[in-house]
Structures are given as structure tokens and as C-alpha cells.
Amino acid sequence: QVQLVESGGGLVQPGGSLRLSCATSRSIFSIKSMGWYRQAPGKQREWVATLTSGGSTNYADSVKGRFTISRDNAKNTVYLQMNSLKPEDTAVYYCKADPYYSASPYWGQGTQVTVSS
């Protein structure tokens, strides 16, 4: 019931910044929480950040202080601002939504982030 479309990925040099967007087909008010995950080649998907409907945020230690998850309710969009990017941040980044009305999460298709000089 929830469609998620990520965008904003690309190639950036170490120390640079990117802002990922996750546009939702439903109002963010209907979503209990949203998160960003990433998966590097040959690695398991890992949690990056979470934003609850109440505005609380949590971050993985690996990105704490560098990444910020936020939302624009008018645009039904969640963002991941990524600063001070490192090569180890290279991965496909996925948006996840947990609606109030569903027991199962919804995932976006992913957007590639490559950090390289």
C-alpha cells in the first residue's frame, strides 16, 4: 500500500555530501516510522537511521554525527543528509516504511551511493 521511491544517489568524493530523498505514496502521518538502510556488495543489509512519527531519530554508530534523517510532511518525503562521506559509506541505500496499518514494512528500490576519489 505504500510506495517508496528513493533518489539522490550518485558519485561523490570522500568528505563530500549527498542528500537522499524517499518520496512516499502515503502521508507520512500514516507511517509509524521510516528508516534508511544500506547494503554494500557482499554484505548484509544494515540499518543506518530511523525517524519515528513523533520525530525521534536514531543512528547507527558508523554514521552518527555525519548523517541526518529528516522529513518534509508537505512533500511526503523523508531525507537522509549525508556529510563527511567516507569510502566505506559506499552502498545501495534503501528507504523503509512501517505504516500504522500494516504489520509488514515497505521497501524502496534503492539508490546507489558511491564515495570515491
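Residues numbered from 1 in each chain as written. Predicted model: local features only at pLDDT ≥ 70, side-chain atom pairs only at ≥ 80, totals over all residues. Heavy atoms only, no water.

**Student:** Lay out the sheet that holds strand β7 (residues 67-72) with the relevant residues and their values.
**Tutor:** In space, the 4 strands of this open sheet follow the order β1-β3-β8-β7, with antiparallel pairing throughout. Edge positions in the open sheet fall to β1 (4-7) and β7, since each of these has one partner strand only. Each strand axis lies, on average, 20° off the axis of its neighbour in the sheet, ignoring direction. Examined bridge by bridge, β1 and strand β3 (residues 18-24) share 4 bridges and lie antiparallel to one another. Within β3, the position partnered with Val-5 by the bridge is Ala-23. (Pairing = 2+ DSSP bridges. Helix = DSSP H or I, 4+ residues; strand = E, 2+ residues; numbered from the N terminus. Axes fitted to C-alpha atoms, helices over the stretch in contact; angles between N-to-C directions.)

**Student:** Give a description of the pattern of salt bridges that names residues and reports values.
**Tutor:** The final tally for this structure, using the stated rule, is 5 salt bridges. A salt bridge links Arg-38 to Glu-46; the shortest N-O distance between them is 2.6 Å. Judged by relative accessible area, Arg-38 falls into the buried class, the value being 5%. A relative accessible area of 34% places Glu-46 in the partly exposed class. The salt bridge partner of Arg-66 is Asp-89, with a shortest N-O separation of 2.7 Å. Here the residue Arg-66 occupies a position in the loop between β6 (57-59) and β7, and Asp-89 occupies one in the loop between β8 (77-82) and β9 (91-99), the gap between them amounting to 23 residues. (Salt bridge = Lys/Arg side-chain N within 4 Å of Asp/Glu carboxyl O. Buried < 20%, exposed > 50% of the residue type's maximum accessible area, 1.4 Å probe, protein only.)

**Student:** Describe unusual backbone geometry, listing the residues and the values that go with them.
**Tutor:** Glycine aside, a negative phi is what most residues show, and trans is what most peptide bonds show. Here Asn-76, not a glycine, exhibits a phi torsion of approximately 50°, which is positive. Tracing the chain through its elements places Asn-76 in the loop between β7 and β8. The backbone of Ser-84 shows a phi angle near 50°, a positive value even though the residue is not glycine. With respect to the secondary-structure elements, Ser-84 resides in the loop between β8 and β9. We classify Ser-84 as partly exposed; its relative accessible area is 41%.

**Student:** Hey, could you go over the environment of Tyr-59 for me, with residue numbers and the actual values?
**Tutor:** In this structure, Tyr-59 sits in strand β6. The sequence separation of Tyr-59 and Ala-49 amounts to 10 residues, and the corresponding C-alpha distance is 4.4 Å. Apart from residues no more than four positions distant in its own chain, Tyr-59 is found in contact with Trp-47, Val-48, Ala-49, Lys-64, Phe-67, Thr-68 and Ile-69. Separated by 2.9 Å, the side chain of Tyr-59 and the backbone nitrogen of Ile-69 make a polar contact. (Contact = heavy atoms within 4.5 Å. Polar contact = N/O pair within 3.5 Å; in protein donor to acceptor, adjacent residues only side chain to side chain.)

**Student:** Any chance you could break down the nonpolar core for me, citing the residues and the numbers?
**Tutor:** Membership of the largest hydrophobic core comes to 28 residues, with the highest contact counts inside it found for Trp-36, Leu-80, Met-82 and Tyr-93. Sorting the residues of this core by element identifies β3, β4 (31-39), β5 (46-52), β7, β8, β9 and β11 (111-115) as the ones contributing at least two each. For this core, the element with the most residues is β9, which contributes 4 residues. If we skip the residues at most four places from it in the chain, Leu-80 touches Leu-18, Arg-19, Leu-20, Trp-36, Val-48, Ala-49, Phe-67, Thr-68, Ile-69 and Tyr-93. (Core = buried A, V, L, I, M, F, W, Y, C linked by side-chain atoms within 4.5 Å.)

**Student:** Help me get a handle on the pairing of β9, residues and values and all.
**Tutor:** Across the 9 residues that make up β9, a large majority, 9, are buried. Examined bridge by bridge, β4 and β9 share 8 bridges and lie antiparallel to one another. Note on β9: the bridge partner recorded for Trp-36 is Cys-95. Pairing of β9 with strand β10 (residues 106-107) involves 2 bridges; the strand directions are antiparallel. From the neighbouring strand, Lys-96 faces β10, where its bridge partner is Trp-107. The hairpin turn running from β9 into β10, its antiparallel successor, is 6 residues long.

These results come straight from atomic positions and should not be treated as a statement about function.
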